[in-house]
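Okay, here's what each chain looks like letter by letter:
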Amino acid sequence: MDKLIITPKTKIFDLLEAYPQLEDVLIAVAPPFKKLKNPVLRKTITKITTLSQASVIGGIKVEELINKLRAEVGQTATDSIEAEDSNYTTEKPDWFVESNISESIDIREMLNAGEQPVHEVLALLKKLEPGKILKVIAPFIPAPLIDKSLSLNYEHWLDKKGEEEFFVYFRNHS
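Thresholds applied
Residues numbered from 1 in each chain as written. Predicted model: local features only at pLDDT ≥ 70, side-chain atom pairs only at ≥ 80, totals over all residues. Heavy atoms only, no water. Buried < 20%, exposed > 50% of the residue type's maximum accessible area, 1.4 Å probe, protein only. Helix = DSSP H or I, 4+ residues; strand = E, 2+ residues; numbered from the N terminus. Pairing = 2+ DSSP bridges. 1 Å grid on protein atoms, 1.4 Å probe; cavity = no way out; pocket = protein on both sides within 12 Å on 5 of 7 lines; lining within 4 Å. Points joined across faces, edges and corners; volume = space filled by probe spheres on them. Nonpolar A, V, L, I, M, F, W, Y, C, P; charged D, E, K, R; others polar.

This next bit is on the pairing of strand 4 (residues 165–171). Summarising burial for strand 4: six of the seven residues are buried, a large majority. Pairing geometry for strand 2 (residues 133–138) and strand 4, over six bridges, is antiparallel. Bridging from a neighbouring strand, Ile 137 pairs with Phe 167 of strand 4. Bridge count for strand 3 (residues 155–162) against strand 4 is seven bridges, and the pairing is antiparallel. Residue pairing across strands places Leu 158 opposite Val 168, the latter belonging to strand 4. A loop of two residues connects strand 3 with strand 4, the two strands running antiparallel in sequence.

Structure, rendered in structure tokens:
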């Protein structure tokens, strides 16, 4: 069987299936990845999270992450790696008004229980009235969730509150 070629679009699940030894490398490169030790999270989150998204979560450049992983398994490093659009809004936008928050969900407990909160959050997003805001509280940057909301044309603001606390505000601007 051909070994997996590591790219920014590689899912973490596939990476760790092909190269289980890379789990420790991921954790060493970015401490938020220590959550990979949770078997339930490993079975859920890793199936939808790409290395490009993981680089955002880990606060590391995608090229650096990919090249480090490739080096560990004897693949050729590359200087220019096209990241997926990681144009996450981290500056407070003009549209943000606290009184417009109509719904709030803390996904930390769901994630710790091994549940995948994407569907619940998307259901809440679909119910948002124009101009209203959904507040999501997460233990890390929920890159797959933000990417999905972008594809559905929702606006967002990612507000880092602490090492393991992020608020993401989604706005229905239609």
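Resuming the write-up.
What follows concerns the layout of surface pockets. Taken as a whole, the largest pocket encloses approximately 210 Å³ of empty space. In this structure, the largest pocket is lined by 15 residues; those nearest its centre are Pro 32, Ile 57, Lys 160, Glu 163 and Phe 166. Top contributing element to the lining of the largest pocket by residue count: helix 4 (residues 51–58), with three residues. A per-class count over the lining of the largest pocket returns eight nonpolar, two polar and five charged.

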